Each structure stands twice: as C-alpha cells, then as structure tokens.
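Structure at a glance
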Amino acid sequence: MRYLRSGGTAAIRRPRPADEAEFLAAAHRSRELHHPWLAAPDSPEKYAAYLSKIRRRDGAGYLICDRASGAIAGYVNISGIVLGALRGGYLGYAAFLPYSGTGHATAGIRLVIEHAFTALGLHRLEANIQPGNEPSRRVAQKLGFRLEGFSPDYLFIDGAWRDHERWAITAPTTAG
C-alpha cells in the first residue's frame, strides 16, 4: 500500500472505491462510539457520496491506517477549503473501533495536518467540536489546537442544531 505519509503506528492515504466494504464494516462497528457526535457513511450510497464530496476542489479526505496491518483505523476530512488570503479549511475526524483510544487517530490527524500545511498549502485548519465530546477535545489539545470560541446551534447533527466549540491550528510561520 502506498501512503501519503506515515509515522508511529499510523499512516494516511486517500480513500478509494475498493475500500467500501472495510470502511462500511468499520462504520457499523463504531456507530455507538460516534453517536451523537457524527454519523460516518454507513451504506454504499453514502460512501459513494462521501468519495464524491472529498474529491471536489473544496474538500479532501484521508484514511488513517494501522501501519502494521494496513487496516482502516479512522478517517479525516478537510471541507470548505478556501485558498487565496485565507488558505484554510474545516477538519473533521473519527476513529474506528478497535482503534479508538490507541493513539492512531492522534497520529493520523497529525499526518493530515502536516500534509495540509505542506502539500495542500493551507495555513489554518479549524475543528468544530461539540461540548461534551471529550475524546475529540483531547485530540485537538494534544495536537496543539487552540480554543477560539463557541458557536451556538452551529451544525445540524443527529436531528438537531448542535452547539460547537471552535478549535484552530495554524501552520508554523517564519519571521521575515
């Protein structure tokens, strides 16, 4: 398997149509883990729509894989990519069971951030996290995201408008 980046226990690569069965099995296995924070694509139609969405100019998607086995350990999306003066996007992420809590998500998201700040030329990534989603908050904190604000009724998830905290990270800058 050819990876875009690898480090520690994780590696990242782009999702493919051939990943559908493994991805859907992981999404079904992890449904309770993700509820009510997100709903991973869990049908062939939703997976096809997911692939289409991350292939648009304003999106990118990555699978976090276990380096030892190649198994899909989670996924990361960058949506709403804007270039020009902003050069930023919105980061979403999820671990799949049995990899939740193993460090795979943190390692994989770190790789995606490095890729975004170098290969994609982005400067800023924002992660919007629901209050109470402690695992996602801990990952953001470990990776150096800073809490920038609170947005009431920000995103429609699981049948309701949900409050979110806005966390962000920017690319390292050099003086000059």
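Described in the following lines is the structure provided in the data block.

About the thresholds
- Residues numbered from 1 in each chain as written.
- Predicted model: local features only at pLDDT ≥ 70, side-chain atom pairs only at ≥ 80, totals over all residues.
- Heavy atoms only, no water.
- Buried < 20%, exposed > 50% of the residue type's maximum accessible area, 1.4 Å probe, protein only.
- Helix = DSSP H or I, 4+ residues; strand = E, 2+ residues; numbered from the N terminus.
- Arc of directions from axis to C-beta.
- Contact = heavy atoms within 4.5 Å.
- Phe/Tyr/Trp six-rings, centres within 6.5 Å; stacked < 30°, edge-to-face > 60°.
- Salt bridge = Lys/Arg side-chain N within 4 Å of Asp/Glu carboxyl O.

What follows covers helix H1 (residues 20-29). Considered for burial, the residues of H1 that qualify are Phe23, Leu24, Ala26 and Ala27. Down the axis of H1, the sector holding all buried residues measures 160°, keeping them to one side. Close packing links the buried residues of H1 with helix H2 (31-34), helix H3 (44-54), strand E3 (60-66) and strand E4 (72-82).

Here the focus is the packing of aromatic side chains. A complete count under the given rule lists eight aromatic pairs for this structure. Aromatic side chains Phe23 and Phe96 sit 5.3 Å apart centroid to centroid with 90° between the ring planes, which places their arrangement in the edge-to-face category. One end of the pair, Phe23, is in helix H1; the other, Phe96, is in the loop between strand E5 (88-95) and helix H4 (104-118), and 73 residues separate them in sequence. Judged on exposure class, the residue Phe23 and its partner Phe96 are both buried.

Within this structure, the stated rule accounts for 11 salt bridges. Residue Glu165 pairs with Arg137 through a salt bridge whose shortest N-O separation is 2.7 Å. In this pair, Glu165 sits in strand E8 (residues 160-170) while Arg137 sits in helix H5 (residues 134-142), placing the two residues 28 residues apart along the sequence. In terms of burial, Glu165 and Arg137 fall into one category: buried.

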